[in-house]
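Descriptive analysis of the structure
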Amino acid sequence: MVRPAVQPPEVMPSMYGPTPRTCRPADLPGMVSVGVTELFPEIQQGYRQGEGVEETHQATRDALASVNMEMIRPEDTVNILCSEHGFYILEGLHYREMLKALGDVVRDKTGCENIRYRVASGVGVREADEVVDYFDLKKYLNGKVTTTHPFDKPLPIDTEIGTLYGLARIYDGDWIVHAPHDEPRDLYFHRMMNRCLKAFAMNYARYETRAAFHGTFSNRASNFLQKAIFDSPLVQEKFAFSCILRSTPDGIIGTDADNDMYRLDRRISRELLRDYGKVLRLVAEIEECIAVWDAGRWGYYIHSGGIAFGCLENGKYDAFDLTVPSAYGLHDMVAKYFSGEMKTFDRIMNINPAIKAVVINQAWPGLPISDVPRHVPTVVVGRDQADMLNLDSTNPDFMNHAVIADSLETAMAFAGKAAGTDKVIAFDGSFGNFTVSPSMAEDLAVRAPEVSRRVDEELFPMWLKQRGIDPAEA
Amino acid sequence: MKIVQFVSKVDPEKCNGDKRCERLCPSGAIKVVEKIAVVQDDRCVACGKCHEVCREDAVEMVRRTRPLTIAFDMQSADPEKIQTLCAQAGLLPDLPLCACTGTTVGEIAAAVIGGAKSPEDVVVGTGAGSGCGIYCMAVIFKLFACAGVKIPEDPRWNNLPMTSHDVSEEIARKYPEYHFDSLA
């Protein structure tokens, strides 16, 4: 179960992050890897970086074989909607291959040559541009490739609850093909409610709509926004089908596709609840740790064993249990505010007390993360990373609360003294393995069997029932 | 509140006047004048969008010689009016709304009551909206709407003052699983 640390996925160079590090937690003496499918043998094994790319291409063709594309005429335009997040999963080649196969099949089945890839972005104006260049998408995908971002030209969309704002470039074709990946990432926001549709209120939406999702809609209610947009007459008129890259915490397992978005969502959600649910509940059991951020993208969205750091940070809440009002701590704070226990809100995020220290070896600034150093000893590796944080408008006082180390080794030693524990978990982009210290590996191994039993017998049935998902539905 | 350590600086030799920067600037600090972008330093909140979007690499962020402090003077604000406006919006005044700067709902409400006429005024007056913009902006729109302030049309924003509590009872009954009445 435990072996010498496995090398994690490589980090794509980016204007949004520091120069990719040559020394990573997996390189440190004593660090080990513990396999996801060794902790939970029932989780389907998947492909990691550097393997299974051709298989993903074929799996996409197989998944699309039963999809009706008769609505697409040769003279029509088809927008294949891509999420740049997919390019950061296991070095991105599986996602790129799915998109290529998708475009090829649409051409073959419909005779339509006007295939346009629309690459959306998470936060930054140039994120998607970088991805297009790095992955040579214009050449590889054999179709027009255009990028968009949250501040791009808007498209008002009339929905059941009023006007929301999408991005004009997403919807400017006759047809749209929704082509995201399924990895659950910030599940404390989506709660596995309309998970497969989330991009309609996020990547495909203007920043005002995203702000409503995060700021003026309560945690569960916010997940109505993607449904409202998807169900709108405008989107329904253009929606052809969806094709989604599939994963487990172990890696990429293929592709699924359907003309019926909700049927696809239920099918995928059922499997995500089962597979990611176990790893999520295991991580929630951690009582003490030093967390290391070591990959591209923002700290909350970097993976270990297929689970993003944000899931550990919010681990004390069962995000899949829909009786929990808010899965990122806001409800607790609101309740305490009204009871008088909290006079003011001293934080935005209720950080898991199991996190005793954070080491930032490499991660993007660009999303607000300053509650981390305000409340947890935080060590930033390298002056360049610190300079980026100083310059970052979303974290203007981050470095007022964190310290700088010249090397990862120094940072880890400091964090160990500050945290009073040697249990380390590195969020280095890995699926299939947790990069951990031996004491953490042992901790996870001891806890996994009971977690597996509890999820199988108690939690998974409850999660399905709460969502009206039939366990047997194919 | 925000202490702004940096400011945008335009290289006029590289600038082509295409206005990409102007179209994204949340504080109205950067504007193209006679085909060259010009920065009004005391309005620049160092959000970095102009630097990010410029294809000519004409904008860099440089450290200010003296930091610029952006904070609304809460002493001038009437706490009862703030409380009332926040309650109308269904919001808690002490909630740190802007995750980037920690600016509270109450501070933004105070700015609106104190005469802010647009999201740009809120950015310059409180710092909220000077970071990612994907958490706080909807609340800013809501507070303006509850205060009866008609925000001017501008390509930089689309007024979206919608909250989950605004959803009709009919919709709330139709979709009880979304708990539109929940506080959190």
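What you see is a predicted model; the values in this text were computed from it and never measured.

**A closer look at the interface of chain B and chain A**
With 45 residues of chain B at the contact, the number on the chain A side is 45 residues. Of all elements in the fold, only β1 (2-10), α2 (49-53) and α6 (137-146) of chain B reach the threshold of two or more residues within the side of chain B that touches chain A. Residue composition of the side of chain B that touches chain A, grouped by class: 29 nonpolar, eleven polar and five charged.

**Some remarks on helix α4 (residues 105-113) of chain B**
Residues and elements named next belong to chain B. Among the nine residues that make up α4, eight are buried, leaving the element largely enclosed by the rest of the structure. Of all the positions in α4, only V105, G106, E107, I108, A109, A110, A111 and V112 are classed as buried. If you follow the buried residues of α4, they end up packed against α3 (79-88), α5 (119-126) and α6. Note on α4: the residue one or two positions beyond its end, G115, has a positive phi of about 120 degrees.

**Some details on the pairing of strand β10 (residues 251-258) of chain A**
All names here are of chain A. Burial within β10 is extensive, with eight of its eight residues counted as buried. Where strand β9 (residues 239-248) and β10 come together, seven bridges link them in antiparallel fashion. Each bridged residue has a counterpart across the sheet, and for L245 the counterpart in β10 is T255. Adjacent in sequence and paired antiparallel, β9 and β10 are bridged by two residues.

**Structural notes on the domain arrangement of chain B**
Residues and elements named next belong to chain B. Along its sequence, chain B is carved into domain 1 (2-70) and domain 2 (74-173). If you average the C-alpha positions of domain 1 and of domain 2, the two centres end up 25 Å apart. Of the residues lining the interface, ten residues belong to domain 1; the matching set on domain 2 comes to twelve residues. By residue class, the composition of the side of domain 1 that touches domain 2 is five nonpolar, two polar and three charged.

About the cut-offs
Residues numbered from 1 in each chain as written. Chains lettered and ligands numbered in written order. Predicted model: local features only at pLDDT ≥ 70, side-chain atom pairs only at ≥ 80, totals over all residues. Contact = placed C-beta atoms within 7 Å. Helix = DSSP H or I, 4+ residues; strand = E, 2+ residues; numbered from the N terminus. Nonpolar A, V, L, I, M, F, W, Y, C, P; charged D, E, K, R; others polar. Buried ≥ 20, exposed ≤ 12 C-beta atoms within 10 Å, placed from the backbone. Pairing = 2+ DSSP bridges. Domains from an automatic or database assignment.

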